[in-house]
Amino acid sequence: MSNPARRIPLVNLAHYRSGTPQERARFVQVFGDALKEFGFVSVEGHGIEDSLIRRTYSDVERFFNLSEDKKRRYTVPGGAGQRGYTGYGQEHAKNRTVGDLKEFWHVGRELNPTHPHFSPHYGPNVWPEEVPSFKESTLKLFGELDLAASVMLHALAEYFGVARDTFSAMAQDGNSILRLIHYPPLKERFIPGGVRAAEHEDINLITLLCEGTASGLELLTRDGEWIPVDTLRGQIVVDSGDMLSRVTNNVIPSTTHRVVNPKSAEDDTTRYSMPFFVHPYPNCLLETLPLAATGTGLPPITADTFLQQRLREIGLIK
Ligand SMILES: O=C(O)CCC(=O)C(=O)O
Ligand SMILES: [Fe+2]
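The rules behind the values
Residues numbered from 1 in each chain as written. Chains lettered and ligands numbered in written order. Predicted model: local features only at pLDDT ≥ 70, side-chain atom pairs only at ≥ 80, totals over all residues. Heavy atoms only, no water. Donors = N, O, S within 2.8 Å, 3.2 Å for Na, K, Ca; no water. Helix = DSSP H or I, 4+ residues; strand = E, 2+ residues; numbered from the N terminus. Pairing = 2+ DSSP bridges. Axes fitted to C-alpha atoms, helices over the stretch in contact; angles between N-to-C directions. Buried < 20%, exposed > 50% of the residue type's maximum accessible area, 1.4 Å probe, protein only. Contact = heavy atoms within 4.5 Å. UniProt positions renumbered as here; feature names shortened; annotations may be inferred. Core = buried A, V, L, I, M, F, W, Y, C linked by side-chain atoms within 4.5 Å. Near = heavy atom within 4 Å. Polar contact = N/O pair within 3.5 Å; in protein donor to acceptor, adjacent residues only side chain to side chain. Areas by Shrake-Rupley, 256 points an atom, 1.4 Å probe, with all protein chains shown as cover. Nonpolar A, V, L, I, M, F, W, Y, C, P; charged D, E, K, R; others polar.

Draft legend 1. Broad picture of the coordination of the iron ion (ligand 2). On the protein side, the iron ion (ligand 2) has His200 (NE2), Asp202 (OD) and His257 (NE2) as donor atoms, found 2.1 to 2.2 Å from it. All donors of the iron ion (ligand 2) belong to a single chain; written as a sequence motif, their spacing is H-x1-D-x54-H. Of the two residues, aspartate 202 is situated in the loop between strand S6 (197-200) and strand S7 (206-210) and histidine 257 in strand S11 (residues 257-259); the sequence distance between them amounts to 55 residues.

Structure follows, in structure tokens:
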């Protein structure tokens, strides 16, 4: 059952960046409470130009309109889908075997191989020669989302009353990834039993989702109710992932969400979306922070080991 009357909280990032002390404090409170209680929050005033989002979607559409043969040339062998193209049905949610009804492209951070956070597991990017502007638009969007994310992570640290860079330092020059997703109409491609994105939790710290081009995203509330998430123009939807849950000792649990299949032939249109997964640097130790939690939490693990485990569980490492 989904109840369209419930809406996730909305905050304005400009209030945190340049508002009055009261506006800043209010942002911190609403943002933190929303992640804790809902696992999702909508953010406006994020400063990312609408024209950049349009331009990126247009490049993404041009890429996915290429033939299968051309697209497959950009799959990186042995790369666990972390850069370039991953084909339709390749990824499945943890604990499922049927692949999701989507294909996607991953853009990673451009790090020099001599950088201390460079890991041979993740890099370098590849670029589709058929869409010359793809590199510029996606890297620019990557940079802007990265910046917005670090501001949000500052606010989250303030929420917990810990040093402002507690979370942002984990993600600084980290393994964040921009995922450009194409969900074709079901009448064109379908896998029996498949879902556009079966219910799952994101692996990373937080995810920033620019508005999708069609509806379908739903979240599972902490009390077990599926509700639709509107990804409106001008707003970024933010959700909490497993790594944040781990370092906060589940004070901020990760949030289960999914993208449901179109419900009618009329709704059976193409959907694009662009989640930006904020990841720590590979050697970052995910250990329980001394926040308000009780108990000691799970044993420390590096972000890299954790991610490799999860990539196996979702079928990207065979
Ligand atoms: O397409 C969307 O709106 C969400 C996709 C998603 O949840 C994911 O790729 O982890
Ligand atoms: Fe997700």
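Picking up where we left off.
Draft legend 2. Up close: the sheet that holds strand S8 (residues 217-220). Pairing in this open sheet of four strands is antiparallel, and the strands run S6-S11-S8-S9 from one edge to the other. Since the sheet does not close on itself, it has two edges, and those belong to S6 and strand S9 (226-228), each with one partner. Across the sheet, the mean angle from the axis of one strand to that of its neighbour is 20°, orientation sign disregarded. Summarising the sheet, S8 and S9 pair through three bridges and their orientation is antiparallel. Considered in S9, the bridge of glutamate 218 is made with proline 228.

Draft legend 3. Representation of the pairing of strand S10 (residues 236-240) within the structure. In terms of residue burial, S10 counts as a mostly covered element, since five of its five residues are buried. Of the two faces of S10, both are covered, the one formed by Ile236, Val238 and Ser240 as well as the one formed by Val237 and Asp239. Note that strand S2 (residues 40-44) and S10 share four bridges and pair antiparallel. Bridging from a neighbouring strand, valine 41 pairs with valine 238 of S10. Bridge count between S7 and S10: four bridges; the pairing is antiparallel. Looking across to S10, one finds that isoleucine 206 is bridged to serine 240.

Draft legend 4. Here's a closer look at the sheet that holds strand S5 (residues 177-183). Spatial ordering of the open sheet is given by S1-S2-S10-S7-S12-S5-S4-S3, a layout of eight strands whose pairing is mixed. Looking at which strands have only one partner, the edges of the open sheet turn out to be strand S1 (10-12) and strand S3 (84-86). For this sheet, the mean inter-axis angle between neighbouring strands, taken without regard to orientation, is 25°. As paired strands, S7 and strand S12 (residues 271-278) are joined by five bridges and run antiparallel to one another. Across the sheet, residue threonine 207 finds its bridge partner in S12, namely phenylalanine 277. Across the sheet, helix H2 (residues 21-37) lies against S1, S2, S7 and S10, angled at about 145° from S2, the strand it touches most.

Draft legend 5. Structural context of the pairing of strand S4 (residues 103-108). By the criterion of burial, S4 is predominantly enclosed, with six of the six residues buried. In S4, alternate side chains face the same way, and those of Glu103, Trp105 and Val107 on one face and Phe104, His106 and Gly108 on the other are all buried. As judged from the three bridges shared by S3 and S4, these two strands associate in the antiparallel manner. When the sheet's bridge partners are listed, glycine 84 is paired in S4 with histidine 106. As judged from the six bridges shared by S4 and S5, these two strands associate in the antiparallel manner. By the bridge assignment, tryptophan 105 is partnered in S5 with leucine 180.

Draft legend 6. Here's a closer look at the side chain of threonine 86. Following the sequence through the fold, threonine 86 ends up in strand S3. We classify threonine 86 as buried; its relative accessible area is 6%. Beyond its immediate stretch of four places on either side in the chain, threonine 86 contacts Gly81, Glu103, Phe104 and Leu316.

Draft legend 7. Highlighting the UniProt feature "domain: Fe2OG dioxygenase" (unreviewed entry) in the chain. If you check UniProt for "domain: Fe2OG dioxygenase" (unreviewed entry), the listed places come out as residues 173-280 in our numbering. Between the first and last C-alpha atoms of residues 173-280 the distance is 8 Å; the span itself is 6% helix and 36% strand.

Draft legend 8. Broad picture of the nonpolar core. If you look at the biggest cluster of nonpolar residues, it comprises 86 residues, and the most contacted ones within it are Phe31 and Leu208. Examining the composition of this core, we find that 14 residues originate from one element, helix H5 (residues 134-160), more than from any other. Among all residues touching phenylalanine 31, those that are not within four sequence positions of it are Val11, Val41, Val43, Met152, Leu156 and Val238.

Draft legend 9. Focus on the site of ligand 1. Contacts to ligand 1 come from Arg179, Ile181, Tyr183, His200, Asp202, Leu209, His257, Val259, Arg271, Ser273, Pro275 and Phe277. Arginine 179 is positioned such that a nitrogen or oxygen atom in its side chain is 3.2 Å from an oxygen atom of ligand 1. The separation between an oxygen atom of ligand 1 and a polar side-chain atom of tyrosine 183 is 2.6 Å. Relative to its free-state accessible area of 290 Å², ligand 1 is covered by the protein chains to the extent of 97%. When contributions to the shell around ligand 1 are tallied by element, the ones reaching two or more residues are S5, S11 and S12. No other element matches the four residues that S12 contributes to the shell around ligand 1. Residue composition of the shell around ligand 1, by class: six nonpolar, three polar and three charged.

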